[in-house]
Amino acid sequence: AEGIIERVTPRLQHANSAVVMSAVKVILSYMDVMAAGGGANAENIRALTRKLAPPLVTLLNSEPEIQYVALRNINLIVQKR
């Protein structure tokens, strides 16, 4: 799971908002897998969560439609965590 997350993380810097949102979705999915494994992954999950915030905030500087989708996804992420 960590290897996949490492490969997807650079996509958080992509110019296309759909690519960014897909990367966030993949990272969140694999964060759940890491959390289920337990152990020393708690610090890695915390670091990944910190990496997700700036790209999502950057999406809020886009068109209103993208802002809406970004805010809905931020809301879902906050409710899930």
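As a reminder, the structure under discussion sits directly above these lines.
These numbers were taken from a predicted model, which means no experiment stands behind them.

Peer 1: Can you explain the packing of helix α2 (residues 17-37) against helix α4 (residues 64-80)? Please cite residues and give values.
Peer 2: Closest axis-to-axis distance for the α2/α4 pair is 11 Å, and the angle between their directions is 10°. Between α2 and α4, the crossing angle belongs to the class labelled roughly parallel. Residue-level inspection shows Ser17, Met21, Val24, Leu28 and Asp32 of α2 in contact with α4, the latter providing Ile66, Asn73, Ile77 and Lys80. For the contact of α2 with α4, a count of residues per class yields 5 nonpolar, 2 polar and 2 charged.

Peer 1: Describe the pattern of salt bridges, naming the residues involved and giving the relevant values.
Peer 2: Summed over the entire model, instances satisfying the criterion amount to 1 salt bridge. Measuring nitrogen to oxygen at the nearest pair gives 3.6 Å for the salt bridge that ties glutamate 43 to arginine 46. Here arginine 46 and glutamate 43 lie together in helix α3 (residues 41-59), a separation of 3 residues that amounts to about one turn. A relative accessible area of 46% places arginine 46 in the partly exposed class.

Peer 1: I'd like a description of the nonpolar core, backed by residues and values.
Peer 2: By size, the foremost hydrophobic cluster in this structure holds 18 residues, and its most contacted members are Val24, Ile27, Met31 and Leu52. Contributions of two or more residues to this core are made by α1 (2-8), α2, α3 and α4. Counting residues per element, this core draws most heavily on α2, which supplies 8 residues. Not counting residues up to four positions away in its chain, the partners in contact with isoleucine 27 are Ile5, Val8, Thr9, Leu12 and Leu52.

Reading the values: the criteria
Residue positions within a chain follow its written sequence, with the count starting from 1. This being a predicted model, a pLDDT of at least 70 is required before a residue's local features are given, and a value of 80 or more before pairs of side-chain atoms are given or counted; all residues contribute to the totals for chains, interfaces and linings. Heavy atoms from the whole structure form the basis of all side-chain values; hydrogens and water molecules are not counted. Only the stretch in contact is used when a helix axis is fitted, and all axes are lines through C-alpha atoms; the angle between N-to-C directions ranges over 0 to 180 degrees. Numbering of helices and strands runs from the N terminus; a helix is a DSSP stretch of H or I covering at least four residues, while a strand is a stretch of E covering at least two. Each angle receives one of four descriptions, namely roughly parallel if under 35 degrees, roughly antiparallel if over 145, roughly perpendicular if within 65 to 115, and oblique otherwise. In what follows, residue pairs with any heavy atoms lying within 4.5 Å of each other are defined as contacts. All amino acids are sorted into three groups, where Ala, Val, Leu, Ile, Met, Phe, Trp, Tyr, Cys and Pro are nonpolar, Asp, Glu, Lys and Arg are charged, and the leftover types, Gly among them, are polar. We define a salt bridge as a side-chain nitrogen of Lys or Arg found within 4 Å of a carboxyl oxygen belonging to Asp or Glu. Relative accessibility decides the category of a residue: with a 1.4 Å probe and only protein chains considered, values under 20% of the type maximum give buried, values over 50% give exposed, and everything between is partly exposed. Here, the term nonpolar core denotes a set of buried Ala, Val, Leu, Ile, Met, Phe, Trp, Tyr and Cys residues that are joined through side-chain atoms within 4.5 Å.

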